[in-house]
Amino acid sequence: MNFAFLPDLLALALLIVILLLLRHRHPQERTNLWLLGLFITLVEAVAHTFYAHDGPPQRILHVVVMDCYLLAGIVFVWASGGYSISSRSRLWYLTLNALPLLDLTTMYGLHLNTPIVYFPCIATGLVIGVASSLYLRRSWHLAALHVFGWMALGYLIHMANYRAAVYWSLCCVYATATFNFQRRLPRESTGRLAIVTGFMIWSLNLLLHPWIVSYRSYADIASHIWNMQKSLISIGMILVMLEEQISSNEWLALHDELTGLPNRRLFADRLQSAIERCERTRSRMALLIVDLNGFKKINDTMGHQAGDQVLREVSSNLKRGIRASDTLARLGGDEFIIVATDAEQDESMEHFVNSVRHAVERPIVVEGKSMIMTASLGVAIYPDDAHDSVRLLRIADQRMYATKHRVGMVPSKGVTGLTASVGDTAVIAIASGQR
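To start, this report covers the structure provided alongside it. Remember, predicted model here, so these are calculated numbers, not experimental data.

Once that is clear, we can look at the overall build of the chain. If you tally the helices and strands in the chain, you get 14 helices and eight strands. For the chain, the residues scored as buried account for 46% of the 435 residues in total. Across the chain, the fraction of contacts at a sequence separation of at least 24, relative to all contacts at a separation of at least 6, is 70%. Approximately 22,500 Å² of the chain is accessible, and the part contributed by carbon and sulfur atoms is 61%.

Written out as structure tokens, the structure is:
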């Protein structure tokens, strides 16, 4: 047993434990793939510690190490290239092309040094690579790369250079992971730099390994570099997860978690910015409060899960019903608020209010039941009604509640909402108001 590998082995195991702890806060498919790839790498490192100091490794250990190199690389390509469970064609492409490579590494691990046993594997890999590229990926470029790659492997095997054939094929796998991580991870991420650098070192190690073994004086340096990139990649993955968690927390601090809309805090900043812009350009702005009618009855009769679905559906309809320049936010409960800039004409304001009302009243399906929501609307105009955000909000809120009083939606008279049934469609509440 080679005890010199134990410190690096323990370091890798500790980093995997840290990733496992972070996974509970960051449950993504990609994180699970990262952990799977690192676990396979850990198995390879454990098997490597039992290598003999001199002479060739035992066959079973050699097979474990070589297959783990390939399987870990394939998992990392999967994690880096967007091969999600839903993209079945990409998964089939990756799996089918991994099988001939797995045969190649296994035969090399078993010390089969006869070209004739490798040629059926190479022919199979060539056919699978071309067919899967054309049928699953619709790419002539990938097909050409497979032809070139397998023909090069065939030449190396023909020249009895088995080590170069296997390690250079592994280099291609890890170079693919390097390219995918470079392209897909956020550019501003510190973890991206560590991950891409780690995989680049890994692919270079695999590329140079057939040459290094011929120069034993460099073996110790190469061994330390070989173990370094595993820790570098693990640290990079931890950094990416922490950075994404921080970004998620910042987003949640400014957005409603249920609907994804700006919350009260972000809306206050945008409202103030809109007022300042209108003051500079001497233009008008409309502030519209939307309060759903009969929403409490949905929560009481159908449950809060159905209520949450209603809020998501209504918010989605509202987003489609306003302009891209307008701001839609959820203040809490069943109350939404919209800031519409450039409200220059009364006709355009009437059209805007009607478009919001129609968006709310668009039929939705909740738990298999079709229903139509309505809302009470309250509008305040800058600068006609007020010049500051506090007064604009107060006026819009008062007008919204005045609308509810006029149509009997306020529970002061013991009424929580009016419901009529038309066929299979529940029409909930009745009110809308405008300035």
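With antiparallel pairing, the four strands of this open sheet are ordered in space as β2-β3-β1-β6. Single-partner strands in this sheet number two, and they are β2 (327-332) and β6 (375-382). Adjacent strand axes in the sheet meet at a mean angle of 20°, parallel and antiparallel pairs treated alike. As paired elements, strand β1 (residues 285-292) and strand β3 (residues 335-341) share seven bridges and run antiparallel to each other. Each residue of the ladder has a partner; that of D291, found in β3, is E335.

Another point: the packing of helix α1 (residues 6-23) against helix α2 (residues 29-49). Close contact between α1 and α2 brings their axes to 10 Å; oriented N to C, the two are set at 160°. By the angle between their directions, the pair α1 and α2 is classed as roughly antiparallel. Classified by chirality, the crossing of α2 by α1 is left-handed. Two secondary-structure elements touch here, α1 through L9, L12, A13, I16, L19, L20 and R23 and α2 through T31, N32, L35, L38, F39, T41, L42, A45, V46 and T49. By residue class, the composition of the contact of α1 with α2 is twelve nonpolar, four polar and one charged.

In this section: helix α12 (residues 304-321). Between the first and last C-alpha of α12 there are 25 Å, a value that for 18 residues agrees with the 26 Å anticipated at 1.5 Å per step. Of all the positions in α12, only A306, G307, V310, L311, V314, S315, N317 and L318 are classed as buried.

It is worth spelling out the pairing of β1 at this point. Most of β1 sits inside the fold, with eight of its eight residues counted as buried. Bridge count for β1 against β6 is eight bridges, and the pairing is antiparallel. Each residue of the ladder has a partner; that of L287, found in β6, is A380.

Glancing now at a nonpolar patch on the surface. There is a patch of nonpolar side chains on the surface, built from W168, M200, L204, L207, L208, W211 and Y215 and spanning about 670 Å² of accessible area. As for its position among the elements, L204 is in helix α8 (residues 190-212).

Turning our eyes to something else, we now look at the side chain of H255. On the secondary structure map, H255 appears in the loop between α9 (219-254) and α10 (264-281). Looking at H255, its side chain comes within polar contact range of the main-chain oxygen of W251, at 2.9 Å. Beyond its immediate stretch of four places on either side in the chain, H255 contacts G260, L261, P262, N263 and L266.

Turning next to the environment of A152. For A152, the position within the fold is in helix α6 (residues 140-158). The class of A152 is partly exposed, set by a relative accessible area of 31%.

The tendency in soluble globular proteins is for nonpolar side chains to be buried as a group. Among the nonpolar cores identified, the biggest contains 63 residues, and F76, F199 and M237 are the most heavily contacted of them. Take this core: its biggest share by element is twelve residues, from helix α3 (residues 59-80). Excluding residues within four positions of it along the chain, M237 makes contact with L19, W34, L38, F76, I195 and F199. Of all hydrophobic cores here, the second largest spans 31 residues; its members include V310, L318, M373 and V379.

About the cut-offs
- Residue numbers restart at each chain and count upward from 1, following the sequence in its written direction.
- Only residues with pLDDT of at least 70 are given local features in this predicted model, and only at 80 or more are side-chain atom pairs given and counted; all residues enter the totals for whole chains, interfaces and linings.
- The basis for every side-chain value is the complete set of non-hydrogen atoms in the structure, without hydrogens or water.
- Comment: elements are numbered from the N terminus, with helices defined as DSSP H or I runs of at least four residues and strands as E runs of at least two.
- Type-normalised accessible area, obtained with a 1.4 Å probe on protein chains alone, sets the label of each residue: buried when under 20%, exposed when over 50%, and partly exposed for intermediate values.
- Residue contacts are defined here by distance: any two heavy atoms, one from each residue, within 4.5 Å place the two residues in contact.
- Note on areas: Shrake-Rupley, 1.4 Å probe, and residue coverage restricted to the protein chains presented here.
- Pairing between strands is defined by DSSP: at least two bridges between them are needed.
- Lines are fitted to the C-alpha atoms to define the axes, a helix being fitted only along its stretch in contact, and any angle between axes, read from their N-to-C directions, falls within 0 to 180 degrees.
- Each angle gets one of four labels, with under 35 degrees taken as roughly parallel, over 145 as roughly antiparallel, 65 to 115 as roughly perpendicular, and the rest as oblique.
- Handedness of each helix crossing follows the sense of rotation of the near helix against the far helix: counterclockwise by less than a right angle gives left-handed, clockwise gives right-handed.
- Residues are grouped as follows: Ala, Val, Leu, Ile, Met, Phe, Trp, Tyr, Cys and Pro are nonpolar; Asp, Glu, Lys and Arg are charged; every other residue, Gly included, is polar.
- Any helix carries an expected span of 1.5 Å times its number of residues minus one.
- Patch definition: residues above 30% relative accessible area lacking any salt bridge, with like charges linked at up to 9 Å and the nonpolar side chains Val, Leu, Ile, Met, Phe, Trp and Tyr linked at up to 5 Å.
- A pairing counts as a salt bridge when a side-chain nitrogen of Lys or Arg comes within 4 Å of a carboxyl oxygen of Asp or Glu.
- By the criterion applied in these results, polar contacts are pairs of N or O atoms within 3.5 Å in which, for protein atoms, one can donate a hydrogen and the other can accept it, and in which residues neighboring in sequence qualify only through two side-chain atoms.
- The nonpolar core is taken to be a set of buried Ala, Val, Leu, Ile, Met, Phe, Trp, Tyr and Cys residues, with the residues joined through side-chain atoms within 4.5 Å.

Note that all results are geometric; they support no functional claim without further evidence.
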